[in-house]
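The chain contents come next:
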Protein chains: 2
Amino acid sequence: MTVNIICVGKIKENYFIKATAEFEKRLSRFCNFNVICLDDKSIPDNPSVAECNAVLQKEGEQIMRKIGKGDIVVAMCIEGKMLSSEELAEKIADFQMRSSTIDFIIGGSLGLSDEVKKRADLRLSMSAMTFPHRIARLMLEEQIYRAFKINANETYHK
Amino acid sequence: MTVNIICVGKIKENYFIKATAEFEKRLSRFCNFNVICLDDKSIPDNPSVAECNAVLQKEGEQIMRKIGKGDIVVAMCIEGKMLSSEELAEKIADFQMRSSTIDFIIGGSLGLSDEVKKRADLRLSMSAMTFPHRIARLMLEEQIYRAFKINANETYHK
């Protein structure tokens, strides 16, 4: 089983790099886990709708090139479905029966293009609140790890 | 304006200590910000309902002693109300008119006692998913910081 996080933007702070590295190490026990970071396109100050759409489209095209044909795609979006940790674990178990690869997509600060959202098998929202990219990635990695622990009937050691 | 996070359990990992320290520093620009960490009571293996309730009650009593009489209390619970970042910012602006102190309460791994929940002016849920204490605290600090930025009409620099 391969699990990829495809995300726009890199984490810069050393302590966030270490925090995510810890979960990535733990996840590697359960799956072939990869994080694919794409460059975020620079957004002009006070961008027009057209400028926003252009950035979204370019980032979207980069993302689409990283998604394999038979991959299951989970797009992280604030308007997506809210699941409990247990429900996400169930979804992941179901996805594992249908494909060898799951791609979780975290967009840039403008979100995800329609093309990416349309490709998604699941649009998932972790919160009604907006979180910065680095915290969203940490939250997602922890939830994927928690899902594997739940599905393996293992106690979660915090 | 004083904002306290009253939480059960300490953060141990150095990278999480640094990540929360960064938001605590940023928050100190907007308010007198404090984190009050209480000892978590040890939970026996396979605890009975009575043992869980005993832990919850003890932790609850410790929390109640830290809450001032006129404080506004926000209890973090998974069954609480979900607000967007903008809605939380509005709530905080409203609370500032009513009291000089807001206490955000994060419980231990068993959650919060009924006594604490009853004392709360707002029960707030950041997610339908369960997060470990250290990530929940980071998420909450980031959202309080974001709320102050929204209320000050400042751009959020990620």
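Before going into details, it helps to say that this report is about the structure given with it. (Residues numbered from 1 in each chain as written. Chains lettered and ligands numbered in written order. Predicted model: local features only at pLDDT ≥ 70, side-chain atom pairs only at ≥ 80, totals over all residues. Heavy atoms only, no water.)

Notes on the packing of aromatic side chains
Here is step 1: For the coordinates displayed, the defined rule picks out eight aromatic pairs over all chains.
Here is step 2: Pairing B:Y15 with B:F16 gives two aromatic rings, centres 5.3 Å apart and planes at 50 degrees, and the pair type is tilted. Across this residue pair, the class does not change: B:Y15 and B:F16 are buried.
Here is step 3: Among the aromatic residues, those joined into a cluster by ring pairs are A:F23, A:F30, A:Y145 and A:F148. (Phe/Tyr/Trp six-rings, centres within 6.5 Å; stacked < 30°, edge-to-face > 60°. Buried < 20%, exposed > 50% of the residue type's maximum accessible area, 1.4 Å probe, protein only.)

With respect to the nonpolar core
Here is step 1: Residues A:F16, A:F104, A:I144, B:F16, B:F104 and B:I144 are the most contacted members of the largest nonpolar core, which totals 75 residues.
Here is step 2: When residues no more than four places from it in sequence are discounted, the contact partners of B:I144 are B:V3, B:I5, B:L27, B:I92 and B:F104. (Core = buried A, V, L, I, M, F, W, Y, C linked by side-chain atoms within 4.5 Å. Contact = heavy atoms within 4.5 Å.)

Some points on the sheet that holds strand β1 (residues 2-8) of chain A
All names here are of chain A.
Here is step 1: As summarised here, the arrangement of the five strands in space is β2-β1-β4-β3-β5, forming an open sheet in which the pairing is parallel. Both edges of this open sheet fall to β2 (32-38) and β5 (122-125), since each of them pairs with a single strand only. Between one strand and the next, the sheet's axes are offset by a mean angle of 30 degrees, whatever the strand orientation.
Here is step 2: Relative to strand β4 (residues 101-106), strand β3 (residues 72-82) runs parallel, the two being bridged by four bridges. (Pairing = 2+ DSSP bridges. Helix = DSSP H or I, 4+ residues; strand = E, 2+ residues; numbered from the N terminus. Axes fitted to C-alpha atoms, helices over the stretch in contact; angles between N-to-C directions.)

Things to note about the interface of chain A and chain B
By a frequent convention, interface size equals the accessible area lost on bringing the separate parts together.
Here is step 1: Every contact between the two is made by 31 residues of chain A and, on the other side, 31 residues of chain B.
Here is step 2: Across the chain A to chain B interface the summed buried area is about 2600 Å²; carbon plus sulfur atoms make up 64%.
Here is step 3: Where chain A packs against chain B, one counts zero salt bridges.
Here is step 4: Put simply, chain A and chain B have eight residue pairs in polar contact (both at pLDDT 80 or more) between them.
Here is step 5: Contributing elements (two or more residues each) for the side of chain A that touches chain B: α1 (14-27), α3 (85-98) and α5 (133-151) of chain A. (Buried area = accessible area lost by both parts, 1.4 Å probe. Salt bridge = Lys/Arg side-chain N within 4 Å of Asp/Glu carboxyl O. Polar contact = N/O pair within 3.5 Å; in protein donor to acceptor, adjacent residues only side chain to side chain.)

Things to note about the relation of the copies chain A and chain B
Here is step 1: The transform that puts chain A on chain B rotates by 180 degrees and translates by 0.0 Å along the axis, for an RMSD of 0.0 Å. What the superposition gives is, in effect, a two-fold axis relating one chain to the other.
Here is step 2: Take the interface residues of chain A: 100% of them recur as interface residues in chain B, which is what a same-surface contact looks like. (Least-squares fit on C-alpha atoms with pLDDT ≥ 70 in both.)

As for the packing of α3(A) against α5(A)
Residue and element names in this part refer to chain A.
Here is step 1: Between α3 and α5, the least distance of the axes is 8 Å, while the angle of their chain directions is 75 degrees. Considering their axes alone, α3 and α5 lie roughly perpendicular with respect to each other. The segment α3 lies against α5, with S85, E86, L88, A89, E90, I92, A93 and Q96 engaging Q143, I144, R146, A147, F148, I150 and N151.
Here is step 2: Residue composition of the contact of α3 with α5, by class: eight nonpolar, four polar and three charged. (Parallel < 35°, antiparallel > 145°, perpendicular 65-115°, else oblique. Nonpolar A, V, L, I, M, F, W, Y, C, P; charged D, E, K, R; others polar.)

Quick look at the sheet that holds strand β2 (residues 32-38) of chain B
Residues and elements named next belong to chain B.
Here is step 1: The five strands lie next to each other as β2-β1-β4-β3-β5, forming an open sheet whose pairing is parallel. The sheet is open, and its two borders are formed by β2 and β5 (122-125), each paired with just one other strand. Averaged over all pairs of adjacent strands, the angle between their axes in this sheet comes to 30 degrees, without regard to strand direction.
Here is step 2: When strand β3 (residues 72-82) meets β5, the two strands line up parallel, connected through five bridges. Bridging across to β5, K81 finds its partner in L124.
Here is step 3: Those strands touched by helix α5 (residues 133-151) are β1 (2-8), β2, β3 and β4 (101-106), and its axis lies near 170 degrees from that of β1.

With respect to the pairing of β4(A)
Residues and elements named next belong to chain A.
Here is step 1: Judged by how many residues are buried, β4 sits mostly within the fold: six of six residues are covered.
Here is step 2: Burial along β4 is two-sided: the residues T101, D103 and I105 and I102, F104 and I106 are all buried.
Here is step 3: Judged from the six bridges that link them, β1 and β4 form a sheet pairing that is parallel. Each residue of the ladder has a partner; that of I5, found in β4, is F104.
Here is step 4: Handedness of the β-α-β unit built from β3, α3 and β4 comes out right-handed. (Right-handed = clockwise from strand over helix to strand, strands pointing away.)

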